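# Examination of the molecular architecture
Below are the chains, spelled out letter by letter.
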Amino acid sequence: CQLPISSRERIAAVALADRETIETAARDALADLSTLAPDGAAPNHTALAKLVLEPVAPYLDKPRVLLALDGGLQYVPFAALPNPAAVGTRMIAAHDIVAVPSLAAVAALPARGAARPKTLAIFADPVLSAADPRVRVEPVALAAVATPNTLLERSSVGLALERLPATSYEAQAL
């Protein structure tokens, strides 16, 4: 597996372990995060760090690290991984870790200092229950398949969420 590395000063490719090995280590790291150690100690992600960070350690000389991740690595909190350049510390201690969907998305961003549109989308005071007075159910052809109740239950995964009316005031203030 080859990892492309690029900065303003250099472009390089670093050899990493095969994809299956990295995916297995990523899954193991995620499993460690989902369980609490009996002594309350932070999870040790040394195996994953050795696979994906140690080979690129010489290139981690900038304060910001931009990651375009794939597969199981998308779910790994890289900021919590051990820093190969400073033993005993985590990546977050020395780097601002930024995850992006793809490098193409980064290339599409406006240049630094360029004028940007001042548009803001705010979502506030969501409808969280079919009993909300703002819901008006009118018969439609698909009502038997996808009713407001079933859609809300499916999207809230069984959580009992209550309305947050103050969020609409906060949104209007912005």
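Thresholds applied
- Just so you know, the residues in each chain are numbered from 1, in the order the chain's sequence is written.
- Where local features are concerned, this predicted model is filtered to residues with pLDDT of at least 70; where side-chain atom pairs are given and counted, the filter is 80 or more; whole-chain, interface and lining totals use all residues.
- No hydrogens and no water enter the side-chain calculation; it runs on all heavy atoms of the structure.
- One bridge is not enough; two strands pair if DSSP finds at least two bridges between them.
- Put simply, DSSP marks the helices as runs of H or I at least four residues long and the strands as runs of E at least two long, and each gets a number from the N terminus on.
- Salt bridges are identified by distance alone: a Lys or Arg side-chain nitrogen within 4 Å of an Asp or Glu carboxyl oxygen.
- To estimate the expected span of a helix, subtract one from its residue number and multiply by 1.5 Å.
- Exposure is judged per residue with a 1.4 Å probe applied to protein chains only, and the accessible area is read against the type maximum: over 50% gives exposed, under 20% gives buried, and values in between give partly exposed.
- This arc is taken over the directions from the axis of the helix to the C-beta atoms.
- The contact rule is simple, with two residues in contact once any of their heavy atoms fall within 4.5 Å.

### Thoughts on the pairing of strand 1 (residues 2–6)
Both strand 1 and strand 2 (residues 11–15) contribute to a ladder of 5 bridges, which runs antiparallel. Following the sheet pairing, S6 is matched in strand 2 by I11. Following strand 1, the chain reverses through 4 residues before pairing antiparallel with strand 2.

### Brief notes about the pattern of salt bridges
What the rule picks out here adds up to 6 salt bridges. Taken together, the shared-partner salt bridges in this structure form one network comprising D125, D132 and R134.

### Describing helix 1 (residues 19–34)
An α-helical turn contains 3.6 residues, so a residue and the one three or four places further along point in the same direction. The end-to-end C-alpha distance of helix 1, which contains 16 residues, comes to 23 Å, matching closely the 22 Å that a straight helix rising 1.5 Å per residue would cover. Along helix 1, the residues that are buried comprise I22, E23, A25, A26 and A29. Down the axis, helix 1 shows its buried residues gathered within 165° of arc, on one side only. Among the exposed residues of helix 1, those oriented more than 90 degrees off its buried face are E20 and S34. The elements touched by buried residues of helix 1 are helix 2 (46–52).

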